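# Structural description and commentary
Listed below, chain by chain, are the residues.
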Amino acid sequence: MDRNLRGGINRFDRRRQSFIRYRCFNQREDRFIWKLYIDTEGTLWAGGCMGGSLYKYNREADRFEVFDPALRDVLTISEDRSGQLWAGTYQKLVKLGKNGTGHQFYDINFSVRAIYEDVSRQFWIGTEGGGLLKFEPEKGNICADHGERRTAEQLRAEYRRR
């Protein structure tokens, strides 16, 4: 699969030597599919930005379907060691509910570009403008600059001072 800034997702069919286009719709066509991710269960996810949605690939129907119509601007998708899916948007870190509902939102106030759980189960958030943040999911704490805990508002105020 390949992302395509002209709209949808393209998959190269080696047998036919041609591309198959998958279009993503949530009231309108999402033309900016930014992230593709395959989870440990083999499910393919696609995140759209510029107002785009989060999509889940339906293998039986051979199409991408909206996971939650209210979830927008998904820039990154990741999975922790317990199998929990996470997404990052322009402003938030999102702990995804299994069936498209019951998400938990954490204000980061910077674009979340990367989500990573290291071997010691430390949770790291790479942001645009806010640097590398340590996140404590069980408490909802954000830590930056040598482990000092800060709220999202404190991080935003510090960024404005720079």
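This report concerns the structure included in the present document.

### Structural notes on unusual backbone geometry
A positive phi angle, near 55°, is found at Q17, a position not held by glycine. Along the chain, the position of Q17 falls in the loop between β2 (9–13) and β3 (18–22). Under the relative-accessibility criterion, Q17 is labelled exposed at 57%. For D73, which is not a glycine, the phi torsion comes out positive at approximately 60°. By secondary structure assignment, the location of D73 is in the loop between β7 (63–66) and β8 (76–79).

### Looking at the pattern of salt bridges
Summed over all chains, the structure comprises four salt bridges. Between R16 and D13 there is a salt bridge whose closest N-O contact spans 3.9 Å. Residue D13 is classed as buried on the basis of its relative accessible area, which comes to 10%. Between K92 and D107 there is a salt bridge whose closest N-O contact spans 2.2 Å. Of this pair, K92 sits in strand β10 (residues 92–95) while D107 sits in strand β11 (residues 104–107), placing them 15 residues apart in sequence. A residue is classified by how much of its surface remains accessible, and K92, at 29% relative accessible area, is partly exposed.

Calculation rules
Residues numbered from 1 in each chain as written. Predicted model: local features only at pLDDT ≥ 70, side-chain atom pairs only at ≥ 80, totals over all residues. Heavy atoms only, no water. Helix = DSSP H or I, 4+ residues; strand = E, 2+ residues; numbered from the N terminus. Buried < 20%, exposed > 50% of the residue type's maximum accessible area, 1.4 Å probe, protein only. Salt bridge = Lys/Arg side-chain N within 4 Å of Asp/Glu carboxyl O.

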